[in-house]
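# Coordinate analysis (summary)
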Amino acid sequence: MAATDVVVDVRDTWMSFAGNRPGEPIHVLERIGFQVRHGEFVCIVGPSGCGKSTLLNVLGGFIEETRGSVLVEGAPVKGPDPGRIFVFQENGVFPWLTVEQNVGFGLWQRPAAERAERVAHYVRMVGLNGFERAYPRELSGGMRQRVEIARALAAEARMLFMDEPFGALDFLTRLKMRADLVRIWQAERKTILFVTHDIEEAVQLADRVLVMTRRPATIQAEVTVDLPRPRDLDARGYLDCRDRIFALMGMDAHQSGVVVSR
Amino acid sequence: MSEQQPGKTAWFDWRAVALPAATAVVLLAAWHFGVVASGSDLFPKPHEVLAGIVELLQRGLLLKYVVASLFRVTWGFGLAVLIGVPLGLLLGWFRPAFLAINPLIQALRPISPIAWIPVAILWFGIADTAPVFLIFLASVFPITTSSMAAVQNMQLVYLRAAQNFGVRGLPLFRRVIFPAALPQILTGLRIALGVAWLVVVAAEMIAVNSGLGYLIIDARNAGKRYDLVVAGMVMIGLIGLVLDGLVRRLERCDEVRWGHGRN
Ligand SMILES: Nc1ncnc2c1ncn2[C@@H]1O[C@H](COP(=O)(O)OP(=O)(O)OP(=O)(O)O)[C@@H](O)[C@H]1O
Ligand SMILES: [Mg+2]
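Presented here is an overview of the structure given in this document. (Residues numbered from 1 in each chain as written. Chains lettered and ligands numbered in written order. Predicted model: local features only at pLDDT ≥ 70, side-chain atom pairs only at ≥ 80, totals over all residues. Heavy atoms only, no water.)

### Looking at the sheet that holds strand E5 (residues 75–76) of chain A
Sheets are built from strands that pair by backbone hydrogen bonding, the pairs being arranged parallel or antiparallel. Residue and element names in this part refer to chain A. The strand order across the open sheet formed by 4 strands is E2-E1-E4-E5, and the pairing between neighbours is antiparallel. Both edges of this open sheet fall to strand E2 (26–37) and E5, since each of them pairs with a single strand only. For strand E1 (residues 6–17) and E2, the ladder comprises 8 bridges, and the chain directions are antiparallel. Residue serine 16 lies in a different strand from E2, and its bridge partner there is histidine 27. On the sheet, helix H1 (residues 52–60) packs against E1, E2 and strand E4 (67–72) and is oriented at approximately 60° with respect to E2. (Pairing = 2+ DSSP bridges. Helix = DSSP H or I, 4+ residues; strand = E, 2+ residues; numbered from the N terminus. Contact = heavy atoms within 4.5 Å. Axes fitted to C-alpha atoms, helices over the stretch in contact; angles between N-to-C directions.)

Structural data, given as structure tokens:
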């Protein structure tokens, strides 16, 4: 991979939290190393509690690694950056603002007309038209999640860090949001790092899937998903990729009944 | 919205009027017959208290004293809000400031405002300043403490989201920290206003010669007019109820409703 278009470069990175007892830190990440190229769509999968959010938070600049080197867009991460927008696992929509105020939150430096136009566009994209003036407490969990996604997209950042963004959505909405996200990604050539625990989702979306181990987590494998888009969920290549990741995570997709054989 | 029961979203709930009215009728009857049964000729019956209130109205004292008490509360409480809220936000945000000043606040807070009365008289004499100072003291600590705790308890994800969008400095306070803290600040204001209203009456009994507190102590000292004593108490209770209702109304605004439970 050409060194120039690498936008995320993580080398031998470790992360531990101070535990409840002194001298017994909680080791979360060990020897993490990977790279992401500009415009790439990378998914991160791994068991619950292994450290996916922690890794993403280090990349986003919200917490600092204990040891290692984390370069994003060529520089060590110093803190959050408006060019790299996060979608938080625990919903980060502001409850004191309406839907449209939330979606326009990152656009305060733009002229009012442009802001209104952009807000309307992304509100429509996530299917919340008619709820522009609603407050988050009047929305369902899935609708709130869509507000946050719209807020992240409206900012037109160069990179998106998404932490299980579709977790609270119903099946059909999730399919639509995946398609929309891929469309936006293709049109605007963003770099996306996307955490999910849904292996099917990862294989449908990603150019490459990073598979993490249990805590203390390291990256045990990188699975390249070299399949044309839109992806055919019955194609041999798709099923092979999926089954490989299931196997890496210690499950046989067919025997454990996680997926129905087609 | 749709999750709530229809009866609770109606703009007018007749039970909210009928049930407390029923309670009042029962209590007034118990009061009346209790006094009759005890044979006391000093303690007034409800209708005598009502007559006392009418008498105070006719003599022009009621309005004058109510205005005097409210005036002192407005100043003392207003100053406490103006100083307590910004101070609390700063202490909640800047840890060194918290470490430096919080112990002082927590040591001053448990001192009853009543204990400050002699000091207030020494410093300010028998003037409006003394009760205003006492009300300020009584309300500034709960306001500061609740504003401070509101910032400290703020959900980390709001802060992170705001920082992610490049919001820093004063705009961060205005757009995120203050609105995130507002529900808990309002709860603190409601508690502080209740305390302020308690303290103004106590201060007026000692430090000045007007106001509802003065009315009570004066009616007792000049002729054992217990009908006027109780009339004063009733007015204090009613005004306290109205003040609390006003702050509760604020808590139902869209910007803060999210922070107040299931409503
Ligand atoms: N601030 C913290 N202090 C102490 N321990 C923490 C902290 N944040 C996370 N951890 C621990 O680090 C581990 C990884 O947490 P993390 O949230 O990254 O998991 P995750 O992979 O995102 O899980 P999930 O899929 O359930 O979201 C957990 O065991 C958690 O208890
Ligand atoms: Mg997580």
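### Some words on helix H3 (residues 112–125) of chain A
Compared with the 20 Å implied by 1.5 Å per residue over 14 residues, the 20 Å span of H3(A) between its first and last C-alpha is a close match. Where H3(A) is buried, its residues touch helix H2 (99–103), helix H4 (141–154) and helix H5 (171–188) of chain A. (Expected span 1.5 Å × (residues − 1).)

### Digging into the coordination of the magnesium ion (ligand 2)
Residues and elements named next belong to chain A. All of the protein donors around the magnesium ion (ligand 2) are Ser53 (OG) and Gln89 (OE1); their distances to the metal are 2.0 to 2.2 Å. With a gap of 36 residues between them, serine 53 in helix H1 and glutamine 89 in the loop between strand E6 (84–87) and H2 connect regions that are remote in the sequence. A relative accessible area of 22% places serine 53 in the partly exposed class. Residue classification places glutamine 89 among the partly exposed residues on the basis of a relative accessible area of 37%. (Donors = N, O, S within 2.8 Å, 3.2 Å for Na, K, Ca; no water. Buried < 20%, exposed > 50% of the residue type's maximum accessible area, 1.4 Å probe, protein only.)

### Things to note about the interface of chain B and chain A
At the interface, 20 residues of chain B touch 25 residues of chain A. The contact between chain B and chain A buries some 2,200 Å² in all, and 66% of this surface belongs to carbon and sulfur atoms. For chain B, the biggest contributors to the area lost against chain A are B:Arg160, B:Asn164 and B:Phe165; these three give 35% of the whole. Remark: the boundary between chain B and chain A carries 1 salt bridge. (Buried area = accessible area lost by both parts, 1.4 Å probe. Salt bridge = Lys/Arg side-chain N within 4 Å of Asp/Glu carboxyl O.)

### Here we look at the packing of aromatic side chains
Two aromatic rings are characterised by how far apart their centres lie and by the angle between their planes. In total, this model carries 20 aromatic pairs over all chains according to the counting rule given. An angle of 50° between the planes, with centres 5.0 Å apart, marks the rings of B:Phe124 and B:Phe133 as tilted. Looking at B:Phe124, the relative accessible area reads 30%, which means it is partly exposed. Of the aromatic side chains, those joined through ring pairs into one cluster are A:Phe94, A:Trp96, A:Phe105, B:Tyr158, B:Phe165 and B:Trp258. The side chain of A:Arg151 reaches across the aromatic face of A:Phe94, ending 4.9 Å from its centre. (Phe/Tyr/Trp six-rings, centres within 6.5 Å; stacked < 30°, edge-to-face > 60°. Lys NZ or Arg CZ within 6 Å of the ring centre and 35° of its normal.)

### Points about the pattern of salt bridges
Per the stated rule, a full pass over the model turns up 34 salt bridges over all chains. Between A:Arg229 and A:Asp207 there is a salt bridge whose closest N-O contact spans 3.1 Å. Linking A:Arg229 in the loop between strand E10 (219–224) and helix H7 (236–248) with A:Asp207 in the loop between helix H6 (199–205) and strand E9 (208–212), this pair joins segments that are 22 residues apart in sequence. Taking the shortest distance from any N to any O, the salt bridge between B:Arg72 and B:Asp128 comes out at 2.6 Å. Separated by 56 residues along the polypeptide, B:Arg72 in helix H4 (residues 61–93) and B:Asp128 in the loop between helix H6 (117–124) and helix H7 (129–152) bring together distant segments of the chain. Each of A:Arg37, A:Glu40, A:Arg208 and A:Glu222 takes part in one network of salt bridges that share partners.

### Some words on the sheet that holds strand E7 (residues 159–163) of chain A
Residues and elements named next belong to chain A. With respect to topology, 6 strands assemble into an open sheet ordered E6-E7-E8-E3-E9-E10, the strand pairing being mixed. Each having just a single partner strand, E6 and E10 make up the two edges of the open sheet. Neighbour-to-neighbour, the strand axes of the sheet open up by a mean angle of 15°, direction not taken into account. In this sheet, E10 lies alongside E9 in antiparallel orientation, the contact comprising 5 bridges. Bridging from a neighbouring strand, valine 211 pairs with alanine 221 of E10. This element, H4, spans E6 and E7 of the sheet and lies at about 175° to E6. Running over the sheet, H5 touches strand E3 (41–45), E7 and strand E8 (191–195) and is turned about 155° from E8.

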